[in-house]
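Descriptive structure summary
Single-letter residue listing:
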Amino acid sequence: MSTTIQTQMTFTEALIASGYYFQPECGAFHKADSNGNEHSYVEQDDNTWSYEKYDQDGQFVTSKVFTLD
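What comes next concerns the included structure. Because the structure is predicted, anything quoted here is derived from the model rather than measured.

For the chain, the count of helices and strands is 1 helix and 5 strands. Counting from the amino terminus, the chain carries its helices and strands in the arrangement α-β-β-β-β-β. The C-alpha radius of gyration computed for the chain amounts to 15 Å, which surpasses the reference 11 Å derived for 69 residues by more than 25%, pointing to a less compact arrangement than a globule. Viewed in the frame of its principal axes, the chain has a C-alpha envelope of about 55 × 30 × 20 Å. The long-range share in the chain, meaning contacts at least 24 apart out of those at least 6 apart in sequence, stands at 9%. For the chain, the exposed area adds up to about 5,300 Å²; of that, 47% sits on carbon and sulfur atoms.

An order of 1-2-3-4-5 is seen for the 5 strands of this open sheet, with the pairing classed as antiparallel. Single-partner strands in this sheet number two, and they are strand 1 (21-23) and strand 5 (60-67). Adjacent strand axes in the sheet meet at a mean angle of 25° when their direction is disregarded. Here strand 1 runs beside strand 2 (residues 28-32); their pairing, made up of 3 bridges, is antiparallel. Among the inter-strand pairings, Gln-23 is bridged to a residue of strand 2, identified as Ala-28.

Bringing the nonpolar core into the picture now. Grouped together as the largest cluster of nonpolar side chains are 6 residues: Leu-15, Tyr-20, Phe-29, Tyr-41, Trp-49 and Tyr-51. Apart from the residues lying within four places of it in its own chain, the contact partners of Leu-15 are Tyr-20, Phe-29, Tyr-41 and Trp-49.

Following the sequence through the fold, Tyr-41 ends up in strand 3 (residues 38-45). Looking at Tyr-41, the relative accessible area reads 16%, which means it is buried. In this view, Tyr-41 contacts Phe-11, Leu-15, Tyr-20, Gly-27, Ala-28, Phe-29, Trp-49, Ser-50, Tyr-51 and Phe-66; residues no more than four positions away in its chain are not counted.

Calculation criteria
Residues numbered from 1 in each chain as written. Predicted model: local features only at pLDDT ≥ 70, side-chain atom pairs only at ≥ 80, totals over all residues. Heavy atoms only, no water. Helix = DSSP H or I, 4+ residues; strand = E, 2+ residues; numbered from the N terminus. Rg over C-alpha atoms; globule rule 2.2 N^0.38 Å. Contact = heavy atoms within 4.5 Å. Areas by Shrake-Rupley, 256 points an atom, 1.4 Å probe, with all protein chains shown as cover. Pairing = 2+ DSSP bridges. Axes fitted to C-alpha atoms, helices over the stretch in contact; angles between N-to-C directions. Core = buried A, V, L, I, M, F, W, Y, C linked by side-chain atoms within 4.5 Å. Buried < 20%, exposed > 50% of the residue type's maximum accessible area, 1.4 Å probe, protein only.

Encoded structure:
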């Protein structure tokens, strides 16, 4: 008899696994992509997150707020 155990990553674990790193001074997970764009995620409240993207010149591109179930 074999037992299969399934585990799920938390959202923060998935961010870290995707190359994001935590910046404690601003409370954000941050990553720069190969095109020079900057991406950040901040947890606002329990399971509510905001995402922001800036281009290689530091100009704001987009933001989103979402809730994880």
